[in-house]
Amino acid sequence: MSLSISLTINGEQRDVELDDPRVTLLDLLRERLDLTGTKKGCDRGQCGACTVLVDGRRVNSCLALAASQDGAEILTIEGLAQGETLHPVQAAFIAHDGFQCGFCTPGQIMSAVGLIGEGQAGDDPERIREAMSGNLCRCAAYGGIVEAVLEAQRTIAAGNGADTRRDAA
Amino acid sequence: MNRFDYVRPTSLAEAVAAAAMPGAAYLAGGTNLLDLMKGGVARPERLVDITRLPELNRVERLDDGSLRVGALVRNADLAHDQAFAATYPAVAEALLSGASAQLRNAATVGGNIMQRTRCSYFYDTASACNRRELGSGCDALAGENRHHAVLGWSPACIATHPSDFCVPLVALDAVVEIEGSKGRRHVTLEEFHRLPGEAPQRETVLEPGELVVAVRLPAEASAFASHARYLKLRERTSYAFAVVSAAAALVVEGGRIRQARLALGGVAAKPWRARAAEAALLGAEPGEAAYAGAAALALAEAKPSGDNGFKIELARRVAVRALSLAEAGTPARLPALPASVFASTTGARHDA
Ligand SMILES: Cc1cc2nc3c(=O)[nH]c(=O)nc-3n(C[C@H](O)[C@H](O)[C@H](O)COP(=O)(O)OP(=O)(O)OC[C@H]3O[C@@H](n4cnc5c(N)ncnc54)[C@H](O)[C@@H]3O)c2cc1C
Ligand code: SF4
Ligand code: FES
Ligand code: FES
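Residues numbered from 1 in each chain as written. Chains lettered and ligands numbered in written order. Predicted model: local features only at pLDDT ≥ 70, side-chain atom pairs only at ≥ 80, totals over all residues. Heavy atoms only, no water.

A. Representation of the overall build of chain A in the model. A count of helical and extended segments in chain A gives 6 helices and 5 strands. In chain A, the succession of helices and strands from N to C terminus is β-β-α-β-β-β-α-α-α-α-α. A compact globule built from 169 residues should have a C-alpha radius of gyration of about 15 Å, and chain A, at 16 Å, falls within 12% of that. When its C-alpha atoms are laid out on the principal axes, chain A stretches across 50 × 30 × 30 Å. Residues classed as buried in chain A amount to 56% of the 169 residues present. Considering only contacts within chain A whose residues lie at least 6 apart along the sequence, 57% involve residues at least 24 apart. For chain A, the computed accessible surface area is about 7,200 Å², with 45% contributed by carbon and sulfur atoms. Seen as two clouds, the 15 positive and the 24 negative side-chain charges of chain A have centres 4 Å apart. (Helix = DSSP H or I, 4+ residues; strand = E, 2+ residues; numbered from the N terminus. Rg over C-alpha atoms; globule rule 2.2 N^0.38 Å. Buried < 20%, exposed > 50% of the residue type's maximum accessible area, 1.4 Å probe, protein only. Contact = heavy atoms within 4.5 Å. Areas by Shrake-Rupley, 256 points an atom, 1.4 Å probe, with all protein chains shown as cover. Lys, Arg positive; Asp, Glu negative; His and termini not counted. Charge placed at Lys NZ, Arg CZ, Asp CG, Glu CD.)

B. Quick look at the pattern of salt bridges. All names here are of chain B. Scanning the entire structure with this criterion turns up 32 salt bridges over all chains. The partner of E190 in a salt bridge is R275, and the shortest N-O contact between them spans 2.6 Å. Here the residue E190 occupies a position in helix α10 (residues 189–192), and R275 occupies one in helix α11 (residues 275–281), the gap between them amounting to 85 residues. Given the relative accessible area of 24%, E190 is considered partly exposed. The class for R275 is partly exposed, based on a relative accessible area of 42%. Via salt bridges that share partners, E60, R68, E177, E179, R184 and R216 belong to a single interconnected network. (Salt bridge = Lys/Arg side-chain N within 4 Å of Asp/Glu carboxyl O.)

C. Spotlight on the packing of helix α3 (residues 105–118) of chain A against helix α5 (residues 142–158) of chain A. Residues and elements named next belong to chain A. Across the interface, α3 lies against α5 with an axial gap of 10 Å and an inter-helix angle of 45°. Comparing the axis directions of α3 and α5 gives the class oblique. Considering the relative orientation of α3 and α5, their crossing is right-handed. Here Q108, A112, L115 and I116 of α3 lie close against α5, whose contacting residues are I145, V149, A152, Q153 and I156. Looking at the contact of α3 with α5, its residues break down into 7 nonpolar, 2 polar and no charged. (Axes fitted to C-alpha atoms, helices over the stretch in contact; angles between N-to-C directions. Parallel < 35°, antiparallel > 145°, perpendicular 65-115°, else oblique. Left-handed = near helix turned anticlockwise from the far one by under 90°. Nonpolar A, V, L, I, M, F, W, Y, C, P; charged D, E, K, R; others polar.)

D. Broad picture of the nonpolar core. By size, the foremost hydrophobic cluster in this structure holds 49 residues, and its most contacted members are A:L18, A:L25, A:L28, A:I74 and B:L47. Taken together, the elements giving at least two residues each to this core come down to β1 (3–9), β2 (12–18), α1 (25–32) and β3 (51–54) of chain A together with β2 (24–27), α2 (33–38), α6 (101–106) and α8 (120–123) of chain B. What A:I74 contacts, discounting residues up to four positions off in sequence, is A:L7, A:T8, A:I9, A:N10, A:L25, A:V52, A:L53 and A:V54. Residues B:Y88, B:A94, B:I113 and B:F192 belong to the second largest nonpolar core, which totals 42 residues. (Core = buried A, V, L, I, M, F, W, Y, C linked by side-chain atoms within 4.5 Å.)

E. Inspection of the sheet that holds β3(A) at higher detail. Residues and elements named next belong to chain A. Sheet architecture is open: 5 strands sit in the order β2-β1-β5-β3-β4, paired in mixed fashion. With partners counted over all chains shown, the strands left at the sheet margins are β2 and β4 (57–60), one partner each. Looking at each pair of strands side by side, their axes are set apart by 40° on average, direction ignored. Bridge analysis of β1 against strand β5 (residues 73–75) gives 2 bridges, and the strand direction is parallel. When the bridges of β5 are listed, I9 appears paired with I74. Packed onto the sheet, α1 meets β1, β2, β3 and β5 and runs at close to 105° relative to β3. (Pairing = 2+ DSSP bridges.)

F. Structural detail: the site of ligand 1. Residue and element names in this part refer to chain B. Every one of the 34 residues lining ligand 1 counts as a neighbour, but Y26, T31, L33, T108 and D164 are closest to it. Here a nitrogen atom of ligand 1 sits 2.7 Å away from a polar atom, N or O, in the side chain of D164. The side chain of K232 places a nitrogen or oxygen atom 3.0 Å from an oxygen atom of ligand 1. Considered on its own, ligand 1 offers 980 Å² of accessible surface; in the complex 95% of this is hidden by protein. Among the elements of the structure, α7 (109–114) and β8 (211–217) are those that each provide at least two residues to the shell around ligand 1. Split by residue class, the shell around ligand 1 holds 16 nonpolar, 14 polar and 4 charged. (Near = heavy atom within 4 Å. Polar contact = N/O pair within 3.5 Å; in protein donor to acceptor, adjacent residues only side chain to side chain.)

The quantities given are spatial measurements derived from coordinates; they are silent on function.
Below, the structure is given as structure tokens:
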């Protein structure tokens with residue numbers, strides 16, 4: 001059984017033939033579309049490494065069936081920067097040492113972008129920690145991650161992302 | 001994962017017809033089903049994707065004052081719906097204490113109430129498990145069973161139902177709306193999940209092919225809006241299932257409890273409504289003495305099913321504290337750590 005689906009991935013429309021309905025969104029991105037920025041940690045919804053935005057909402061792509069996402073708009077870590085200009089969340093992660101080995105980082109960053117879009121946490125570090133609890137970091141860069149989210153949120157709210165991006169680059 | 005057929009119906013009737021085939025399963029958010037399929041625990045031959053059924057996506061107030069929440073409404077959307085959270089705060093708090101932000105964005109109302117147990121032997125196809133395969137035995141009985149049931153269990157199965165959402169729902173008399181080939185029926189959430197008895201493989205009253213279309217909260221449930229809480233004890237601060245939890249809701253007038261609701265989570269194969277405890281609270285003066293009495297009644301029948309006797313006292317304490325929190329009143333804004341036993345003060349570090 002072959003299925004054809006159509007997705008907008010990082011702004012680009014892609015028609016995908018699925019020869020097997022078992023493919024998850026994560027495996028589709030990594031193994032069929034060569035977008036390996038999104039990481040596979042646990043493959044079971046327990047670590048957040050695979051976080052991407054589907055129609056603007058952060059989800060675990062390892063537990064999302066690709067076929068079920070037909071028509072959706074997907075944003076992955078590869079689609080975040082504008083050319084050489086980093087997204088404010090990316091810049092803030094660099095400025096605040098929000099990582100060590102970097103494996104969890106694409107998921108952390110996509111989750112943070114989702115969190116800022118949700119607008120629920122405000123500038124309360126405890127709310128940010130709670131809202132980021134779906135992203136584990138084995139290097140325990142949590143302190144830097146929370147600071148990065150706080151700063152990125154301020155940058156985005158102030159609408160001067162470009163300046164910060166230049167400073168950090 | 002086994003191979004399966006994938007179908008995506010566009011109407012309710014089509015969905016129910018597509019799922020009539022033996023071996024079919026509904027796919028909603030997929031956050032539980034895909035996990036089980038990856039482990040070979042669930043092996044559906046056909047997935048009926050219900051995510052394109054617009055009639056399942058609505059939240060609506062009905063003429064009788066009840067609220068009808070479609071089965072496909074995402075957990076995060078319901079919890080962050082301001083009108084919903086203001087009217088049913090314990091339900092919103094329970095939702096936000098469950099899983100992670102990413103999972104709540106995908107998880108649906110129907111999928112949440114239908115989620116399967118987290119018993120680790122159920123997840124491991126090399127283990128004996130009556131719930132997965134009736135007659136094979138139960139490896140949890142003599143295994144790791146700290147998190148297993150203390151109420152309503154049987155020697156055939158000692159698993160618990162892991163949902164947070166279901167706990168305040170059952171306290172508030174929620175009703176499940178079900179569509180099947182023979183039409184529509186309504187079942188209270190209290191009756192919806194089954195205790196294991198001799199047939200633990202039958203987890204709910206759903207017949208094969210039946211679809212949950214909505215969950216309803218009756219008009220009376222809004223009476224508790226100002227005094228309702230959910231409290232969830234976990235082994236880590238966030239992103240963990242409940243060891244035990246409680247939903248409590250009160251109406252206090254003239255120094256007396258006029259209405260009381262209490263339900264426990266993590267203690268049984270279903271969300272556990274504590275009716276005897278509720279009855280004992282009626283007319284009582286609010287306070288620890290009344291709550292301790294009620295909690296004792298709620299756990300009166302409890303028995304360890306293994307290395308989990310500690311859960312009985314823990315459940316009593318969580319029930320007392322949930323009732324005290326409900327009496328103190330619903331906070332204007334949900335705490336930074338929803339349902340947490342830590343940090344009652346917004347923004348304070350729980351470990352400071
Ligand atoms: C790491 C992790 C942590 C978690 N932590 C928590 C937690 O702390 N608290 C908590 O409560 N939950 C927790 N969960 C579970 C989560 O809440 C469930 O996975 C989710 O609610 C399931 O919803 P879904 O829409 O993704 O269901 P699916 O996975 O799509 O479906 C689940 C089951 O329900 C059936 N189904 C779905 N919709 C319907 C319907 N309308 N009618 C009939 N049958 C249907 C499916 O066939 C399947 O058997 C956690 C999950 C993970 C992976
Ligand atoms: S407790 Fe229930 S689910 Fe767990 S192994 Fe025993 S029969 Fe299976
Ligand atoms: S890989 Fe998806 S949550 Fe771990
Ligand atoms: S930076 Fe190494 S896992 Fe997070």
